[in-house]
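Residues per chain are reported as follows:
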Amino acid sequence: MPIKCLSVHLTDLCNSKCTFCVVGSPLYTKDTIVYERVVQFLHENANNGYEAVNLHGGEATIHPRFFDTLEYIRDLGYPEVHLQTNAIALSKPEFARRVVELGVTLFIISLHGHTPEVQDSQTGTPGGLMRTLDGIRNVKQQGARVRTNTVITRQNVTSLPAITQLAVDVGVDHINFSNLHPVGSATFALERITPTFAEVREYLYPAIDIAAAAGRRVTLEGFPYCAVVEKAGFHLNNEYRDIRMLMRGVVIEDYDAFMSDTCRVFVPPCGDCAVRDLCGGVYPEYVQLRGWDEFSAFPTAGSPQPALAGPTLTSH
Amino acid sequence: MGIRVAQQLHEAGDEASFVVHERSLPLLTDTPFRRVPIHDHLGPLIKLLIESQIAEEKPDSIILADYFTATVLFLGLGVDPRFLLRFDTPLIAIDTWSHSETGFVIDGYGDRTREVANWIDELPFRLRPAPIVRPVPRPGVCTILPDPVRIARRVRNHVRANIGLTSSDRAVMFCTAQWQYAANNDEEATLLAENVPELLAYYVSKLGNDVHLVHVGPAAYPLSGLLGERYHWLPALSPDQFDMVLGSMDLLLSANISATTNAKAVASSIPVVVVENSCLAGTVEEAEAGLREPPSPFLGEWIRRSLPLYPFRLWPLGFHDFLQPVLQDNSYCTAMEVVELLDEDRVVTVCGGLLNSSAAREDLLQCQAAYAGETARLPTPVEIIESFLSGDAECRSSA
Ligand code: SF4
């Protein structure tokens with residue numbers, strides 16, 4: 001069931017230095033977030049039907065007022081908290097326990113490799129993978145749900161099946177694969193880290209099969225529909241129905257519309273594409289780098305349609 | 001340049017708005033300035049557009065940013081730019097090239113020249129920005145040396161690692177703009193536009209296996225054959241991102257002596273090497289006659305493929321002889337190393353010295369600091385504009 005969600009960028013700062021950081025956290029030496037504005041945003045949206053607050057950054061867990069924020073969200077009566085995190089802080093059992101106690105029900109945890117070589121070289125955090133895995137185990141032990149998020153890069157694309165197997169083995173409920181959004185830190189690494197969709201499909205499809213066979217929910221985020229035609233039923237586009245976001249002091253009323261309108265473009269094949277509205281198009285930075293030869297319109301009405309319903313394999 | 005002046009005016013509490021050709025609109029992205037686009041189909045109606053803008057906004061002054069560009073634009077639309085003198089509003093020209101020194105005939109491709117309409121003496125006042133004019137206090141001379149780029153070590157490390165540089169690699173930056181790819185559909189200019197990056201990449205390839213070329217520009221060049229994974233292309237960046245990359249580099253290599261990036265690098269203590277070409281040659285023999293030594297096989301082959309060669313200081317447009325007077329005895333040229341494109345030995349020696357020898361680097365950085373000191377003694381454009389508008393006699397005498 002899609003839920004109405006309030007989304008908060010709590011901090012610009014992070015304890016990782018991911019090559020592909022979409023908000024460019026490694027480029028910040030000072031936090032630009034005014035905490036009082038976060039508090040005000042949470043306060044003014046309380047009792048407006050939001051079913052979850054999604055906290056992200058940067059790395060929300062390193063914010064000095066992180067626990068205060070969780071307490072405040074709880075006191076305001078929001079039913080759920082979702083936390084996007086690299087889970088490094090959660091490797092301490094006590095920290096993980098406290099976070100779950102304060103109401104975080106879903107952890108969306110970055111998992112970009114299955115070995116330290118693959119993960120830590122991309123996150124710039126030696127020892128990070130092991131702590132992330134400990135963090136996953138700790139929150140699972142507390143009964144929380146875990147969704148991993150794997151951003152697909154040239155550095156991890158061949159490892160996607162192994163990363164998926166690792167996620168299955170540590171008990172992850174939901175495995176999400178994100179199409180690299182080549183902005184923020186990735187701007188400086190475009191050619192080096194951006195795979196083509198042909199490269200992605202070769203390893204992504206077996207990875208999806210591994211997750212599905214293990215009974216885990218698996219989704220794809222930010223992919224042009226025609227780039228993953230055979231897995232068109234896995235798009236993560238209906239989990240939240242209404243996302244209101246506070247991002248660096250700016251309120252984005254409808255995050256999905258924002259992404260479609262300002263972060264994606266339609267290329268010529270999109271003109272008469274049957275799934276244009278659902279898909280939203282492609283990242284212009286990708287088109288600048290690789291052109292648009294890989295994209296082609298979905299057939300319009302009357303032609304056989306791909307299955308676009310949400311995946312049925314779900315563990316929550 | 002116009003945007004920098006507008007930003008300074010904005011910071012001083014003034015308002016600025018632009019009447020700007022549609023091609024240049026992207027330059028105003030993320031700026032707070034009102035903009036009215038000029039489309040080519042407007043033709044002489046541009047006069048009406050400007051008249052209505054002046055009637056609506058009632059500005060305290062009109063700034064031509066710059067004299068050369070505005071003159072070419074108006075004449076291209078079929079309008080004599082002197083119509084601007086009819087308004088009661090004071091007219092100020094940014095005289096980027098210091099036309100009283102450089103003149104009005106610009107050398108371009110081969111032996112072709114282009115004449116710029118000369119009406120500058122009819123203007124009541126002009127700003128002469130350093131760089132590129134000499135930083136010597138004279139009426140109208142102002143500093144436009146940018147603020148230095150300073151980035152934190154953590155950011156520098158992240159940017160370099162993301163580009164694909166290890167901690168021991170050295171990075172040479174090269175920047176291009178759209179106009180440098182195909183020059184006015186001119187065959188010779190386009191040939192040089194295409195081939196110069198290849199020669200520069202060849203020079204970089206000789207600097208050592210740990211020296212990388214970081215190219216920022218609208219499109220990549222096919223340089224992987226020469227440099228392999230030591231060639232990194234970054235598409236056009238936002239101003240902040242551009243500064244982060246510039247501030248992470250060990251050397252800036254430029255083929256345009258007037259580029260604002262050179263000035264930013266000078267202000268930021270980043271060594272700059274500018275290549276220019278003084279060789280006008282239609283044959284291999286003519287080209288080789290000007291060399292101090294016989295060319296290497298690569299350079300010889302490159303010359304053969306790139307003929308005819310024509311001189312430039314603004315690659316690939318030319319501007320070689322045109323700029324000579326303003327560069328003469330100009331301390332800006334001491335803040336950079338200026339080398340001849342075909343002098344392989346010198347290009348490699350100078351670049352290698354700046355990358356490998358702390359003494360060579362230190363010498364150049366001292367010259368940059370001295371230049372920055374000279375420009376710091378000059379007034380800013382805003383200070384000059386304000387004194388002009390308040391009727392300062394000395395300013396008026398600059399015309
Ligand atoms: S053609 Fe365009 S709109 Fe259609 S699926 Fe591909 S990217 Fe999306």
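For clarity, every value in this text was computed on a predicted model and none was experimentally measured. (Residues numbered from 1 in each chain as written. Chains lettered and ligands numbered in written order. Predicted model: local features only at pLDDT ≥ 70, side-chain atom pairs only at ≥ 80, totals over all residues. Heavy atoms only, no water.)

Here we look at the overall build of chain A
Logical step 1: Along its length, chain A carries eleven helices and nine strands.
Logical step 2: Its C-alpha radius of gyration of 19 Å places chain A within 12% of the 20 Å reference for a compact globule of 316 residues.
Logical step 3: C-alpha atoms of chain A, sized along the principal axes, occupy 55 × 40 × 40 Å.
Logical step 4: Looking at chain A residue by residue over its 316 residues, the buried ones come to 57%.
Logical step 5: Restricting to contacts in chain A with at least 6 residues of sequence separation, those with at least 24 account for 75%. (Helix = DSSP H or I, 4+ residues; strand = E, 2+ residues; numbered from the N terminus. Rg over C-alpha atoms; globule rule 2.2 N^0.38 Å. Buried < 20%, exposed > 50% of the residue type's maximum accessible area, 1.4 Å probe, protein only. Contact = heavy atoms within 4.5 Å.)

Considering empty space enclosed by the protein
Residue and element names in this part refer to chain A.
Logical step 1: In this structure the tally under the stated criterion is three cavities of 30 Å³ or more.
Logical step 2: Approximately 90 Å³ is the volume found for the largest cavity.
Logical step 3: C226, C270, C273, C279 and S296 are, among the 17 residues lining the largest cavity, the residues nearest its centre.
Logical step 4: Here the residues of the lining of the largest cavity sort into 14 nonpolar, two polar and one charged. (1 Å grid on protein atoms, 1.4 Å probe; cavity = no way out; pocket = protein on both sides within 12 Å on 5 of 7 lines; lining within 4 Å. Points joined across faces, edges and corners; volume = space filled by probe spheres on them. Nonpolar A, V, L, I, M, F, W, Y, C, P; charged D, E, K, R; others polar.)

Some details on the packing of aromatic side chains
Logical step 1: Applying the stated criterion to the full structure yields 23 aromatic pairs over all chains.
Logical step 2: Judged by centre distance (6.2 Å) and plane angle (80°), the rings of F68 of chain B and F319 of chain B are edge-to-face. Of this pair, F68 of chain B sits in helix α3 (residues 67-76) while F319 of chain B sits in the loop between α11 (297-306) and α12 (320-327), placing them 251 residues apart in sequence. For the pair shown, F68 of chain B and F319 of chain B are each scored as buried.
Logical step 3: Between the NZ or CZ atom of K4 of chain A and the centre of the ring of Y50 of chain A, over which it lies, the distance is 4.6 Å.
Logical step 4: Stacked on the ring of F67 of chain A, the Lys or Arg R98 of chain A has its end atom at 3.9 Å from the ring centre. (Phe/Tyr/Trp six-rings, centres within 6.5 Å; stacked < 30°, edge-to-face > 60°. Lys NZ or Arg CZ within 6 Å of the ring centre and 35° of its normal.)

A few points about the site of the ligand
Residues and elements named next belong to chain A.
Logical step 1: Looking at the ligand, there are 13 residues lining it, with C226, C270, C273, C279 and S296 nearest.
Logical step 2: When atoms are counted within 2 Å of each cavity's grid points, the one that captures over half of the ligand is the largest cavity.
Logical step 3: Across the shell around the ligand, the residue classes break down as eleven nonpolar, one polar and one charged. (Near = heavy atom within 4 Å. Sits in = over half its atoms within 2 Å of the grid points.)

A look at the nonpolar core
Taken as a class, soluble globular proteins show a tendency for nonpolar side chains to be buried jointly.
Logical step 1: L55, F66, V99, F107, F177 and L204 of chain A are the most contacted members of the largest nonpolar core, which totals 79 residues.
Logical step 2: The element best represented in this core is helix α8 (residues 197-213) of chain A, accounting for seven residues.
Logical step 3: Apart from residues no more than four positions distant in its own chain, L204 of chain A is found in contact with I152, L160, F177, L220, F223 and V228 of chain A.
Logical step 4: Counting 70 residues, the second-largest nonpolar core is a separate cluster that includes V245, I270, Y332 and M336 of chain B. (Core = buried A, V, L, I, M, F, W, Y, C linked by side-chain atoms within 4.5 Å.)

Here we look at the interface of chain A and chain B
By a widespread convention, an interface's size corresponds to the accessible area lost as its parts come together.
Logical step 1: The partner chain B presents 18 residues to the 20 residues of chain A that form the contact.
Logical step 2: Interface area, chain A with chain B, both sides summed: about 1500 Å², of which 59% is carbon and sulfur.
Logical step 3: A per-residue breakdown of the area chain A buries against chain B is headed by L27, F188 and Q288 of chain A, which together make up 40% of the total.
Logical step 4: One can count zero salt bridges joining chain A with chain B. (Buried area = accessible area lost by both parts, 1.4 Å probe. Salt bridge = Lys/Arg side-chain N within 4 Å of Asp/Glu carboxyl O.)

Regarding the domain arrangement of chain B
Residues and elements named next belong to chain B.
Logical step 1: By domain assignment, chain B separates into domain 1 (2-145 + 378-395) and domain 2 (153-376).
Logical step 2: The centre of domain 1, based on its C-alpha atoms, is set 29 Å off from the matching centre of domain 2.
Logical step 3: With 23 residues of domain 1 in contact, the opposing surface of domain 2 contributes 33 residues.
Logical step 4: Among the residues of domain 1 in contact with domain 2, Y109, I132 and L145 are the three that bury the most area, contributing 30% of the side total.
Logical step 5: Joining domain 1 to domain 2, the criterion identifies ten residue pairs in polar contact (both at pLDDT 80 or more).
Logical step 6: Counting residues per element, the ones that place at least two in the side of domain 1 that touches domain 2 are α4 (99-102) and β5 (105-107). (Domains from an automatic or database assignment. Polar contact = N/O pair within 3.5 Å; in protein donor to acceptor, adjacent residues only side chain to side chain.)

A few points about the pattern of salt bridges
Residue and element names in this part refer to chain B.
Logical step 1: Following the criterion strictly, the structure yields 31 salt bridges over all chains and no others.
Logical step 2: In this structure, the salt-bridge partner of K264 is D243, at a minimum N-O distance of 2.8 Å. Pair noted here: K264 is in helix α9 (residues 260-267) and D243 is in helix α8 (residues 239-246), with a separation of 21 residues, a long-range link.
Logical step 3: On the accessibility criterion, K264 (21% relative accessible area) is partly exposed.

With respect to the state of the cysteines
Residue and element names in this part refer to chain A.
Logical step 1: The full count for this structure, using the stated rule, is zero disulfides over all chains.
Logical step 2: The thiol sulfur of C5 is not disulfide-bonded, and the nearest other cysteine sulfur, from C263, lies at 17 Å.
Logical step 3: You can see C14 has no disulfide; the closest cysteine sulfur is in C18, sitting 6.2 Å from it. (Disulfide = S-S within 2.5 Å.)

Regarding the packing of α8 of chain B against α9 of chain B
Residues and elements named next belong to chain B.
Logical step 1: It is the contact of α8 with α9, at a shortest axis distance of 11 Å, that shows an interaxial angle of 55°. If you check the angle between α8 and α9, you find them oblique. Two packed elements cross with a definite hand, and for α8 against α9 that hand is right-handed. Side by side, α8 and α9 meet where F242, D243 and L246 of the first sit next to T261, K264 and A265 of the second.
Logical step 2: The class makeup of the residues in the contact of α8 with α9 is three nonpolar, one polar and two charged. (Axes fitted to C-alpha atoms, helices over the stretch in contact; angles between N-to-C directions. Parallel < 35°, antiparallel > 145°, perpendicular 65-115°, else oblique. Left-handed = near helix turned anticlockwise from the far one by under 90°.)

Some thoughts on helix α15 (residues 381-389) of chain B
Logical step 1: Buried within α15 of chain B we find P381, V382, I384, I385, S387 and F388 of chain B.
Logical step 2: Just downstream of α15 of chain B lies G391 of chain B, where phi reads positive at about 90°.

A short note on the sheet that holds strand β9 (residues 170-175) of chain B
All names here are of chain B.
Logical step 1: Spatially, the six strands line up as an open sheet ordered β11-β10-β9-β12-β13-β14, and their pairing is parallel. The open sheet has two edge strands with one neighbour each: β11 (231-234) and β14 (337-340). Across this sheet, the average inter-strand angle for adjacent strands is 25°, counted without regard to direction.
Logical step 2: Pairing analysis gives four bridges linking strand β13 (residues 272-276) to β14, with the strands arranged parallel. The partner of E276 across the bridge, within β14, is E340. (Pairing = 2+ DSSP bridges.)

Here's the deal with the pairing of strand β6 (residues 174-179) of chain A
Residues and elements named next belong to chain A.
Logical step 1: Across the six residues that make up β6, a large majority, six, are buried.
Logical step 2: Alternating positions in β6 separate into two faces, H174, N176 and S178 on one and I175, F177 and N179 on the other, with burial throughout.
Logical step 3: As paired elements, strand β5 (residues 145-152) and β6 share six bridges and run parallel to each other. Directly across from R147, in β6, lies its bridge partner H174.
Logical step 4: Following the backbone out of β5, through helix α6 (residues 160-169) and into the adjacent parallel β6, one traces a crossover that is right-handed.
Logical step 5: Pairing of β6 with strand β7 (residues 217-221) involves five bridges; the strand directions are parallel. The residue of β7 that forms the bridge with I175 is V218. (Right-handed = clockwise from strand over helix to strand, strands pointing away.)

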